[in-house]
Amino acid sequence: MTNHLNYWAVLAAAVSAFAIGGLWYKVFAGPWKKVNGFGEEPPSGNQTTIFGISFVLSLVMAFNLAKFLDSPSTTAIWGATAGFLAGFGWCFMGIGIISLFERKSWRYVFINGGYLTVALTVMGLILGAWR
């Protein structure tokens, strides 16, 4: 079993996904609220809990991707490629399947699947580059 994980890179990858999410959903705030049936603001909730758990989940995603990339031959290009394949091939498509059954629009799929594809691509880039 190899162990070439850089835990600082895992943390940075998780932070990057969190930051990309903040920017992504700021840019797509209007369409995102509309496809989810929200009014001007999403439903109320404990923001500390929502953001805290979201960050922990981003950390798990980063660690999981890092384990897939756990090889001394991993490069930034392969990391970004693997991240894209995970984001688009698994997350985007998975959201698409679920959305079909939930009768969600393709706009919903593109907003949320697009975020995960970009986030995982950047996470893979960080994990591949920062060995």
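Look a little higher up for the structure.
For clarity, every value in this text was computed on a predicted model and none was experimentally measured.

Considering the overall build of the chain
When helices and strands are tallied, the chain shows 5 helices and 0 strands. When its helices and strands are written in sequence order, the chain yields α-α-α-α-α. A globule of 131 residues ought to have a C-alpha radius of gyration of about 14 Å, and the chain, at 16 Å, matches this closely. When its C-alpha atoms are laid out on the principal axes, the chain stretches across 50 × 30 × 25 Å. Among the 131 residues that make up the chain, the fraction classed as buried is 34%. Considering only contacts in the chain between residues 6 or more positions apart, those separated by 24 or more positions represent 83%. Carbon and sulfur atoms make up 72% of the accessible area of the chain, which amounts to about 8,000 Å² in all.

Some points on the nonpolar core
If you look at the biggest cluster of nonpolar residues, it comprises 25 residues, and the most contacted ones within it are A62, L65, Y115, M123 and L127. If you list the elements that add at least two residues to this core, you get α1 (7-27), α3 (47-68), α4 (76-102) and α5 (106-129). Among the elements that make up this core, the one with the highest residue count is α5 (9 residues). Discounting residues that sit within four places of it in the chain, A62 has contacts with V10, A13, A14, M123 and L127.

Let's talk about the packing of α1 against α3
At a closest axis distance of 8 Å, the pairing of α1 and α3 adopts a crossing angle of 130°. For the element pair α1 / α3, the angle class is oblique. Here the hand of the crossing between α1 and α3 comes out right-handed. Of α3, the residues touching α1 (which contributes Y7, V10, L11, A13, A14, V15, A17 and F18) are F51, S54, F55, S58, L59, A62, F63 and A66.

Structural notes on the packing of α3 against α5
Across the interface, α3 lies against α5 with an axial gap of 10 Å and an inter-helix angle of 55°. The pairing of α3 with α5 is recorded here as oblique in orientation. In this structure, α3 crosses over α5, and the sense of that crossing is right-handed. When α3 is examined against α5, the residues S58, M61, A62, L65 and A66 are found in contact with a partner set consisting of L116, L120, M123, G124 and L127. Split by residue class, the contact of α3 with α5 holds 8 nonpolar, 2 polar and no charged.

Basis of the calculations
Residues numbered from 1 in each chain as written. Predicted model: local features only at pLDDT ≥ 70, side-chain atom pairs only at ≥ 80, totals over all residues. Heavy atoms only, no water. Helix = DSSP H or I, 4+ residues; strand = E, 2+ residues; numbered from the N terminus. Rg over C-alpha atoms; globule rule 2.2 N^0.38 Å. Buried < 20%, exposed > 50% of the residue type's maximum accessible area, 1.4 Å probe, protein only. Contact = heavy atoms within 4.5 Å. Areas by Shrake-Rupley, 256 points an atom, 1.4 Å probe, with all protein chains shown as cover. Core = buried A, V, L, I, M, F, W, Y, C linked by side-chain atoms within 4.5 Å. Axes fitted to C-alpha atoms, helices over the stretch in contact; angles between N-to-C directions. Parallel < 35°, antiparallel > 145°, perpendicular 65-115°, else oblique. Left-handed = near helix turned anticlockwise from the far one by under 90°. Nonpolar A, V, L, I, M, F, W, Y, C, P; charged D, E, K, R; others polar.

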